[in-house]
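Now for the letters of each chain:
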2 protein chains.
Amino acid sequence: MSYFRDNIEAMAAYVPGEQPQGGKFIKLNTNENPYAASPAVARAIQSVLQGGLSRYPDPLANAFRRRAAALHQLSPDWILCGNGSDDILTIVTRAMVGERGGIRSAYPSYLLYHTLAEIQGAQFEQFPFRPDWSLDDSFALAADNLRLVFLANPNSPSGTMLPPDRIAELATQLPCPLLVDEAYVDFAQDDCVRLVAQHENVMVSRSLSKAYALAGLRFGYLIAQPQIISGLAKVKDSYNCDSLSIAAATAAIDDQTWRMENRASILGTRQRLTAALRDLDFAVTDSQANFVWAVHPQAAAKTLFEQLKASQILVRYMHFPNWGDGLRISVGTNSQIDALLDVLGR
Amino acid sequence: MSYFRDNIEAMAAYVPGEQPQGGKFIKLNTNENPYAASPAVARAIQSVLQGGLSRYPDPLANAFRRRAAALHQLSPDWILCGNGSDDILTIVTRAMVGERGGIRSAYPSYLLYHTLAEIQGAQFEQFPFRPDWSLDDSFALAADNLRLVFLANPNSPSGTMLPPDRIAELATQLPCPLLVDEAYVDFAQDDCVRLVAQHENVMVSRSLSKAYALAGLRFGYLIAQPQIISGLAKVKDSYNCDSLSIAAATAAIDDQTWRMENRASILGTRQRLTAALRDLDFAVTDSQANFVWAVHPQAAAKTLFEQLKASQILVRYMHFPNWGDGLRISVGTNSQIDALLDVLGR
């Protein structure tokens, strides 16, 4: 007899994402920010090192909560910190969805939602996006066991976004919590934070991996009404965020000047990348994220991926069963994108 | 209707441990190491900062796995890294115990085992230690739904340890996995790592919080047979350890000279603390950890705790229902212990 639960036994083996540890590749495959984080981050880490690491961190990361609350014009008890926004999604799932409970998401979208349902022994249902990446009202239909809805907004792989008004409509119709995953929202034109105060069932998750160039740090947070936050706090590991990351994340979120300048660079390069790919006959979806989704009418995406990899350029080849495939290309520096376009042009 | 699962709704609100953020207290309440970590830790962090934090960390923390494997004379696929050993305990619980599955532990012991059962919607049963802190054979009795046994060894609050031979007997009798939680084992005379190769159902968890003075870092690991490790890897967050902590933990475990010197200091102070408390008429259990468990025949533990706190000395007052109470006192520096003894003497 296996020591593992049946649902865990049934899962495919864990395959780590492609993260070559050598330095030769141009990495445009995991939506990392190509620039170095705010210099305030290293200073904050130095400061923690001065005091040493022998003491446990603040369990609720209140220093970060206060600054994030100020940024979003909320109070700190509307903020829950996590070891990356994946930790946040995990906490929410464990708190709200039992075995055979239902989790809903859109398709294609972030693969983790399905994985979390599998780990939890929950049922997972996916509603396909329409060809224009919108969702019809059936997405908000009640279902007996429905306990949680995940919606990445902007979505991956498309980079598209449902407008907050549409999210508000869906939230009103849905009989359960709606987690709006805003990992990429700092590159978009709008966000859904204001919906949290208006809808008890809306939660918004954020990540510092992309917009603050801190994927290596693991820090994310959730914005939700205080009674939701206090319920979720029961489920998190007591010390889920470490002293270095709390200080670093606090410094990062405090440097909005850095973020706005970085955002302007990424958006400039995104525009250039989109236009250049279209010149090469790719169909490219208008992106509100730090990546673009590109499909070529003739060249097979898998082949292009392999040709780029042979030239030391990693992009993400994604194939979604019963849907299709394409390339998700992270917005790198201008020179990284030049190198990409050079190979694709040949 | 609540958005939370019934088992989560039924849980008491999360109360963070007492972690005064001011610097005035002598903290002897959470078993932190009173000394600064190996200088190699800060150097490793500096080195990561040079390369920046914009990239995702190695999902499996292979640099650490290789060094830990060498230390334990195993191969790296016997090691799973976690965001603190609490993360390890969480992963094991989620992977092995479904709703209404059984988790067993001894009593009194680490409170997290019960909390993890509550979060998972599992059943929890506690077998009392005998007065000499041993366990009788009933601890290994089969039960229909039993899926996982947690055993802290050394145990908290007692600081006592079951010998590895006794653990091996229990493992042989038990029909399910046995996780031996060795968070404190670096201060003991023996450990159970060698049992892992002999018993498929034995797993050993380790923490860098205590013996490596890195509670602020959040890093722990599990030692288990490779087929167990690969099943557990399905359940962990993809990037559960961050780049800074992986590098810091690797540097820390590489500096065994520091660890042995630090251990000698702690053990010397522990001996002195134990003797001095006994001179003050406390009953003190012989400890194999970096804390001692002390009960006074006349003075109430709660009162002593409060008097110490009024003198800016924090120890841990612990009350276990249907069992009793006492003080768990972390082994600090010699001067911290002098201050404690000074107040207790008055």
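All of these numbers come straight from a predicted model, not from anything done at the bench. (Residues numbered from 1 in each chain as written. Chains lettered and ligands numbered in written order. Predicted model: local features only at pLDDT ≥ 70, side-chain atom pairs only at ≥ 80, totals over all residues.)

## Focus: the overall build of chain A
Let me state the cut-off plainly: The helix and strand labels rest on DSSP assignments: H or I over at least four residues marks a helix, E over at least two residues marks a strand, and numbering proceeds from the N terminus. As a rule, residues whose C-beta atom has 12 or fewer other C-beta atoms within 10 Å are exposed, those with 20 or more are buried, and those in between are partly exposed; C-beta atoms are placed from the backbone. It is the C-beta atoms, placed from the backbone, that decide contacts: two residues are in contact if theirs lie within 7 Å.
Within chain A one finds 12 helices and 12 strands. The principal-axis extents of the C-alpha atoms in chain A amount to approximately 55 × 55 × 50 Å. Expressed as a percentage of the 346 residues in chain A, the buried residues total 54%. Across chain A, contacts joining residues at least 24 apart in sequence account for 72% of those joining residues at least 6 apart.

## What about the sheet that holds strand S12 (residues 324-330) of chain A?
All names here are of chain A. Here is the rule: By definition, two strands form a pair when at least two bridges between them are found by DSSP. Axis lines are fitted through C-alpha atoms, for helices just across the contact stretch, and the angle between N-to-C directions can take any value from 0 to 180 degrees.
In space, the 5 strands of this open sheet follow the order S1-S11-S12-S10-S9, with mixed pairing throughout. The sheet terminates laterally at strand S1 (26-28) and strand S9 (283-284), the two strands that pair on one side only. Where strand S10 (residues 291-295) lies against S12, 4 bridges are found, and the strand directions are antiparallel. Bridging from a neighbouring strand, Trp293 pairs with Arg328 of S12. Helix H10 (residues 256-279) contacts S9 and S10 of the sheet and is inclined by roughly 5 degrees relative to S10.

## Structural notes on helix H12 (residues 334-345) of chain B
Residue and element names in this part refer to chain B. Here is the rule: Multiply 1.5 Å by the residue count of a helix minus one, and that product is the helix's expected span. Along the arc lie the directions from the helix axis toward the C-beta atoms.
A rise of 1.5 Å per residue sets the reference length of H12, with its 12 residues, at 16 Å; its end C-alpha atoms lie 16 Å apart and thus fit the reference within 8%. Restricting attention to buried positions, one finds in H12 the residues Ile337, Leu340 and Leu344. Across the axial projection of H12, the buried residues extend over an arc of 60 degrees, all falling on one side. Residues of H12 that are exposed and point more than 90 degrees away from the buried face comprise Ser335, Asp342 and Gly345. The elements touched by buried residues of H12 are strand S1 (26-28), helix H10 (256-279), helix H11 (301-310) and strand S11 (313-320).

## Focus: helix H11 (residues 301-310) of chain A
Residue and element names in this part refer to chain A. Within H11 the residues assigned to the buried category are Ala301, Leu304, Phe305 and Leu308. Axial view of H11: buried residues confined to an arc of 100 degrees, hence all on one face. Residues Thr303, Glu306 and Ala310 are exposed on H11 and point more than 90 degrees away from its buried face. Buried residues belonging to H11 abut S10, strand S11 (313-320), S12 and helix H12 (334-345). Residue Gln312 follows H11 closely and has a positive phi angle near 65 degrees.

## Looking at the packing of helix H4 (residues 85-96) of chain A against helix H5 (residues 112-120) of chain A
All names here are of chain A. How we decide: With respect to orientation, any angle under 35 degrees is reported as roughly parallel, any angle over 145 as roughly antiparallel, any angle of 65 to 115 as roughly perpendicular, and every other angle as oblique. Note on convention: the crossing is left-handed when the near helix lies turned anticlockwise from the far helix by less than a right angle, right-handed when the turn is clockwise. Just so you know the grouping, Ala, Val, Leu, Ile, Met, Phe, Trp, Tyr, Cys and Pro go in nonpolar, Asp, Glu, Lys and Arg go in charged, and all remaining residues, Gly too, go in polar.
It is at 10 Å that the axes of H4 and H5 come closest, and there the two elements cross at 40 degrees. With respect to each other, H4 and H5 are oriented oblique. Our pair here, H4 against H5, has a crossing hand that is right-handed. Here Asp86, Leu89, Thr90, Thr93 and Arg94 of H4 lie close against H5, whose contacting residues are Leu112, Leu116 and Gln120. Split into classes, the residues belonging to the contact of H4 with H5 amount to 3 nonpolar, 3 polar and 2 charged.

## Some points on the domain arrangement of chain A
Residues and elements named next belong to chain A. Selection rule: As annotated, the domain borders come from an automatic or database domain assignment.
When cut into domains, chain A gives domain 1 (22-36 + 257-345) and domain 2 (39-254). Distance between the C-alpha centres of domain 1 and domain 2: 25 Å. Taken residue by residue, the interface counts 23 residues in domain 1 and 19 residues in domain 2. Looking at the side of domain 1 that touches domain 2 element by element, the count peaks at 5 residues for H10. For the side of domain 1 that touches domain 2, the residue count by class is 11 nonpolar, 8 polar and 4 charged.

## Focus on the interface of chain A and chain B
Every contact between the two is made by 63 residues of chain A and, on the other side, 63 residues of chain B. Counting residues per element, the side of chain A that touches chain B draws most heavily on H4(A), which supplies 6 residues.

## Some points on the relation of the copies chain A and chain B
Applied cut-off: In superposing the copies, a least-squares fit is computed on C-alpha atoms, taking residues whose pLDDT is at least 70 in both.
For the pair chain A and chain B, the superposition axis carries a translation of 0.0 Å, the fit reaches an RMSD of 0.0 Å, and the rotation angle comes to 180 degrees. Taken together, the turn and the small shift mark the pair as related by a two-fold rotation axis. Judged by C-alpha distance, Glu99(A) is the residue of chain A that lies nearest the rotation axis, at 3.5 Å.

## Focus: the confidence of the model for chain A
The condition is simple: Note on scores: pLDDT gives the predictor's confidence for each residue, bounded by 0 and 100.
Looking at chain A as a whole, its pLDDT mean stands at 96, while 98% of the residues score no less than 70. Scoring of the predicted complex yields 0.97 for pTM and 0.96 for ipTM.

## Structural notes on the nonpolar core
Note the threshold: Throughout this description, the term nonpolar core refers to a group of buried Ala, Val, Leu, Ile, Met, Phe, Trp, Tyr and Cys residues whose C-beta atoms join them within 7 Å.
In terms of nonpolar packing, the biggest core is built from 228 residues, with Leu214(A), Ala248(A), Leu214(B) and Ala248(B) touching the most fellow members. In contact with Ala248(B), not counting residues within four places along its chain, are Val41(B), Ala44(B), Ile45(B), Leu214(B) and Leu217(B).

## As for the pairing of strand S4 (residues 123-128) of chain A
All names here are of chain A. Spelled out, the test is: By convention, orient the strands away from the viewer: a clockwise path from the first strand over the helix to the second makes the crossover right-handed.
As paired strands, strand S3 (residues 102-107) and S4 are joined by 6 bridges and run parallel to one another. By the bridge assignment, Ser105 is partnered in S4 with Gln126. Chirality of the crossover, the property in question, places the unit of S3, H5 and S4 among those that are right-handed.

## Some words on the sheet that holds S4(A)
Strand-to-strand pairing in sheets goes through backbone hydrogen bonds, with the strands running parallel or antiparallel. All names here are of chain A. Taken together, 7 strands build an open sheet; the order of strands is S2-S8-S7-S6-S5-S3-S4 and the sheet is mixed. Taken across any chain shown, the strands that pair with only one partner, and hence form the sheet edges, are strand S2 (79-82) and S4. Going from strand to strand, the sheet's axes swing by 25 degrees on average, the running direction of each strand aside. Sheet analysis places S2 next to strand S8 (residues 220-223), joined by 4 bridges and oriented antiparallel. Residue pairing across strands places Ile79 opposite Ile223, the latter belonging to S8. Along the sheet, helix H3 (residues 62-72) contacts S2 and S8; its crossing angle with S2, the most-contacted strand, is approximately 125 degrees.

## A short note on the environment of Arg104(A)
Residues and elements named next belong to chain A. Relative to the assigned elements, Arg104 resides in strand S3. Separated by 42 residues in sequence, Arg104 and Leu146 place their C-alpha atoms 7.4 Å apart. Leave out the neighbours within four places in its chain, and Arg104 touches Glu125, Phe127, Leu146 and Val149.

## A look at the environment of Ser156(B)
Residue and element names in this part refer to chain B. For Ser156, the position within the fold is in the loop between strand S5 (146-152) and helix H6 (164-173). Taking C-alpha positions, Ser156 is 8.8 Å from Tyr184, a pair spaced 28 residues apart along the chain. In this structure Ser156 touches Ser109, Tyr110, Ala289 and Arg328, once residues within four positions along its chain are discounted.

## Focus on unusual backbone geometry
The omega angle of the peptide bond from Tyr107(A) to Pro108(A) is -5 degrees, so this bond is cis rather than trans. With phi around 55 degrees, Ala61(A) is a residue other than glycine that occupies positive phi space. You can see Ala61(A) is positioned in the loop between helix H2 (39-51) and H3. Of note, the phi angle at Ala213(B) is positive, near 60 degrees, even though the residue is not glycine.

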